[in-house]
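Inside the fold
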Amino acid sequence: MRSLVFSRRRALRASAAVTVAALCGTLLAACGGDSDNASADDGKPVTLTFWGWAKGTQEVVAAFNADHPDIQIKFEEIPSGNNGGYAKISNAVKAGNAPDIFNVEYPQLPDFVSQGAVQDISGLVDDGLKAKYLPQANELTSLGGKTWALPLDVAPQAFYYRKDLFQKAGITVPKTWDEFRTAAEKLKAAQPKTRIATFFPDDPTTFEAMAWQNGARWFAAENDAWKVNLTGPETNKVSDYWQKLINDDLVQVHPSFSQQWTASLQKGETAGYLGASWGAGVLKANLGTSPGMDGNWAVAPMPTWDGAPASGMLGGTTFAVSKDSKKAKAAVEFATWATTTPEGIKARIATGTSSSYPAATALIPVAKEAFNTDFYGGQDIYSVYTDAAKSIKPGWTWGPAMGVTNGSLKDSFGKVAGKTGTIGEALTTAQQDTLDEFKNRGLKVAQ
């Protein structure tokens, strides 16, 4: 796996370098800070404040605290980023009372960097530590040759499905998106109340991962300027496909991880879930005690347009140090332990609520052993994730204002759910809202 990923490294590095020029070119105060303050800890016992929401985090903190008397973590669980966590962090940074360290997903990290909300921790992250992580993860946490966060996981896409419902309807697991639609039609015909999957109107990241999978490039930077393209042919192909699924009532439309969504899974009214590697823990946590579920779920590769393996990345979490923390050295020590040690990964995965695919590749066997797969009939689900990780398409860049981009999409996707708007219209609106935000921030836009 590492050899395949390293073959892409040169292209990724070149893309990252030009991206940073556009990200930081007009924001030198935010992006140019040094890391002298980051190593200001004086060796005395330290208490760190930490905000996050990832499954298994409480257990990770407990294990770390038990083994590190000189560094103690005071953990506060906050809503997931898209459900208010990012707003809470941003407000705390502005108010000067941010935690020392917090979780942020890859898509939002450039936004936090551009706003000067996180510290440059380059002086605390040597090449030996970086070598433990997948190169893709390093690229997504490094901007302008500086390191802004440590990666916890990568999140290749996966398709979760009910084996019993598929068998009852005579459906084989679809390998292509054409086969996925055919399976959706067959499932609806056999079981009129059941749908194959769900469109999440409140979660644009799922749609973004599918656009990524199809080779879309929403953001690119050339000559210190940004190109923004949310309506290119690769994205429109995905948009048109999903709009037709919704129009033809072949998928559910529910908020992500909501009571409606969970109830539809429990009742057998939803037979599949298009998610990521961390989704196994989500399903197990939500459905593990429901009758008829244990052993009936399985994991398959995401359908692709031509049947060849391909994946985007849906989420993925990092540890970032807030700009005003005076305890960065201890914060990086904690983040390093949580992301690169067997003890840290085992504490998270053994809860049964997290199925993270570690960014530190040497720990994949640890994660595989720690996650009980009885809910999935004993399937080796991590082998599915490993193959999917190999197929993550290179070249995707996150924009520096994803909070605005995703906020606009979320608002407009609500109209899709209410049948008063389309996915295509939502993308057009989000593109304009993003361009307006770039102008507000003084970021150059390529014509």
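This text follows the structure it describes.
Residues numbered from 1 in each chain as written. Predicted model: local features only at pLDDT ≥ 70, side-chain atom pairs only at ≥ 80, totals over all residues. Heavy atoms only, no water.

On a plain count of helices and strands, the protein chain comes out with 20 helices and 16 strands. Expected size for 447 residues packed as a compact globule is a radius of gyration near 22 Å; at 21 Å, the protein chain falls within 12% of this value. Summarising its shape, the C-alpha atoms of the protein chain cover approximately 65 × 55 × 40 Å along the three principal directions. Evaluated residue by residue, the protein chain yields a buried proportion of 58% over its 447 residues. Long-range pairs, those at least 24 residues apart, make up 79% of the contacts in the protein chain with a sequence separation of at least 6. Looking at the protein chain as shown, the accessible area adds up to about 17600 Å², and 50% of this sits on carbon and sulfur atoms. When the 43 basic and 45 acidic side-chain charges of the protein chain are each reduced to a single mean position, those positions are 3 Å apart. (Helix = DSSP H or I, 4+ residues; strand = E, 2+ residues; numbered from the N terminus. Rg over C-alpha atoms; globule rule 2.2 N^0.38 Å. Buried < 20%, exposed > 50% of the residue type's maximum accessible area, 1.4 Å probe, protein only. Contact = heavy atoms within 4.5 Å. Areas by Shrake-Rupley, 256 points an atom, 1.4 Å probe, with all protein chains shown as cover. Lys, Arg positive; Asp, Glu negative; His and termini not counted. Charge placed at Lys NZ, Arg CZ, Asp CG, Glu CD.)

Here we come to the sheet that holds strand β8 (residues 157-162). Taken in spatial order, the 3 strands of this open sheet run β13-β8-β14, and their pairing is antiparallel. With one partner strand each, in any of the chains shown, β13 (272-276) and β14 (297-300) form the two edges of the open sheet. Direction aside, neighbouring strands of the sheet carry axes that sit 25° apart on average. Bridge count between β8 and β13: 5 bridges; the pairing is antiparallel. Counted as the bridge partner of Q157 is A276 from β13. (Pairing = 2+ DSSP bridges. Axes fitted to C-alpha atoms, helices over the stretch in contact; angles between N-to-C directions.)

A separate point is helix α19 (residues 402-417). Two residues of an α-helix separated by three or four positions point the same way, owing to the 3.6 residues in each turn. Taking 1.5 Å of rise per residue, 16 residues should cover 22 Å, and α19 covers 22 Å from first to last C-alpha, within 8% of that figure. On its buried side, α19 packs onto α6 (109-114), β9 (198-199), α11 (204-213), β10 (219-222), α12 (233-247) and α20 (423-441). Positive backbone phi, at 60°, marks K419, one or two positions downstream of α19. (Expected span 1.5 Å × (residues − 1).)

What follows deals with the nonpolar core. Judged by nonpolar contacts, the single largest core of 118 residues is most densely connected at Y160, I196, W218, W242, L283, F334 and Y376. No other element matches helix α15 (residues 328-340), which puts 8 residues into this core. Other than its neighbours up to four places away in sequence, F334 contacts L48, F50, V60, V61, F64, I73, I101 and F319. Among the nonpolar cores identified, the runner-up in size contains 18 residues, and V93, V113, A149 and A320 belong to it. (Core = buried A, V, L, I, M, F, W, Y, C linked by side-chain atoms within 4.5 Å.)

With that settled, the discussion passes to the pattern of salt bridges. Under the criterion given, the structure shown has 11 salt bridges. Put simply, K88 and E76 hold a salt bridge, and the shortest N to O gap is 3.7 Å. Of this pair, K88 sits in helix α5 (residues 85-95) while E76 sits in strand β2 (residues 71-77), and the two are 12 residues apart along the sequence. Judged by its relative accessible area of 33%, K88 is partly exposed. (Salt bridge = Lys/Arg side-chain N within 4 Å of Asp/Glu carboxyl O.)

For the rest of this paragraph, the subject is the side chain of N138. Relative to the helices and strands, N138 is located in helix α8 (residues 135-141). For N138, the residues in contact, after removing those within four places along its chain, are K130 and Y133.

Spatial ordering of the open sheet is given by β2-β1-β3-β15-β6, a layout of 5 strands whose pairing is mixed. The sheet is open, and its two borders are formed by β2 and β6 (150-151), each paired with just one other strand. Pairing between strand β3 (residues 101-105) and strand β15 (residues 317-321): 5 bridges, direction antiparallel. Among the inter-strand pairings, E105 is bridged to a residue of β15, identified as T317. Those strands touched by α15 are β1 (46-52), β2, β3, β6 and β15, and its axis lies near 165° from that of β15.

In this fold, D100 is placed in the loop between α5 and β3. No salt bridge is formed by the buried D100; the nearest opposite charge belongs to K327, separated by 4.3 Å. Within the structure, the side chain of D100 is placed 2.7 Å from the side chain of S325, a separation counted as a polar contact. Ignoring anything within four residues of it in the chain, the contact list for D100 reads T47, L48, T49, A320, V321, S322, S325 and K327. (Polar contact = N/O pair within 3.5 Å; in protein donor to acceptor, adjacent residues only side chain to side chain.)

A word on the packing of helix α10 (residues 177-190) against α12. Where α10 contacts α12, the axes come no closer than 12 Å and their chain directions differ by 5°. Of the possible angle classes, the one that applies to α10 and α12 is roughly parallel. Of the residues in α12, those touching α10 at W177, F180 and R181 are Y241, W242, K244 and L245. Split into classes, the residues belonging to the contact of α10 with α12 amount to 5 nonpolar, no polar and 2 charged. (Parallel < 35°, antiparallel > 145°, perpendicular 65-115°, else oblique. Nonpolar A, V, L, I, M, F, W, Y, C, P; charged D, E, K, R; others polar.)

Now for the packing of α11 against α12. Packing of α11 against α12 leaves a shortest axis separation of 8 Å and a crossing angle of 125°. When the interaxial angle is binned, α11 and α12 end up oblique. For the crossing formed where α11 meets α12, the hand is right-handed. Taking contact as the criterion, the partners of F207, M210 and A211 in α11 are, on α12, T235, V238, S239 and W242. The residue inventory of the contact of α11 with α12, partitioned by class, reads 5 nonpolar, 2 polar and no charged. (Left-handed = near helix turned anticlockwise from the far one by under 90°.)

With that out of the way, let us pick up the packing of aromatic side chains. By the definition in use, this model includes 42 aromatic pairs. Seen in terms of ring centroids, F375 and Y376 are 5.0 Å apart; in terms of plane orientation they differ by 80°. Their pairing is edge-to-face. For the pair F375 and Y376, a shared accessibility class is recorded, and that class is buried. Among the aromatic side chains, those forming a connected cluster through ring pairs are F159, Y161, F166, W177, F180, F199, F207, Y241, W242, W305 and F413. The residue whose ring lies beneath K88 is W51, and the NZ or CZ to ring-centre distance is 4.9 Å. In this arrangement the basic side chain of K284 is found over the ring face of F371, its NZ or CZ atom lying 4.6 Å from the centre. (Phe/Tyr/Trp six-rings, centres within 6.5 Å; stacked < 30°, edge-to-face > 60°. Lys NZ or Arg CZ within 6 Å of the ring centre and 35° of its normal.)

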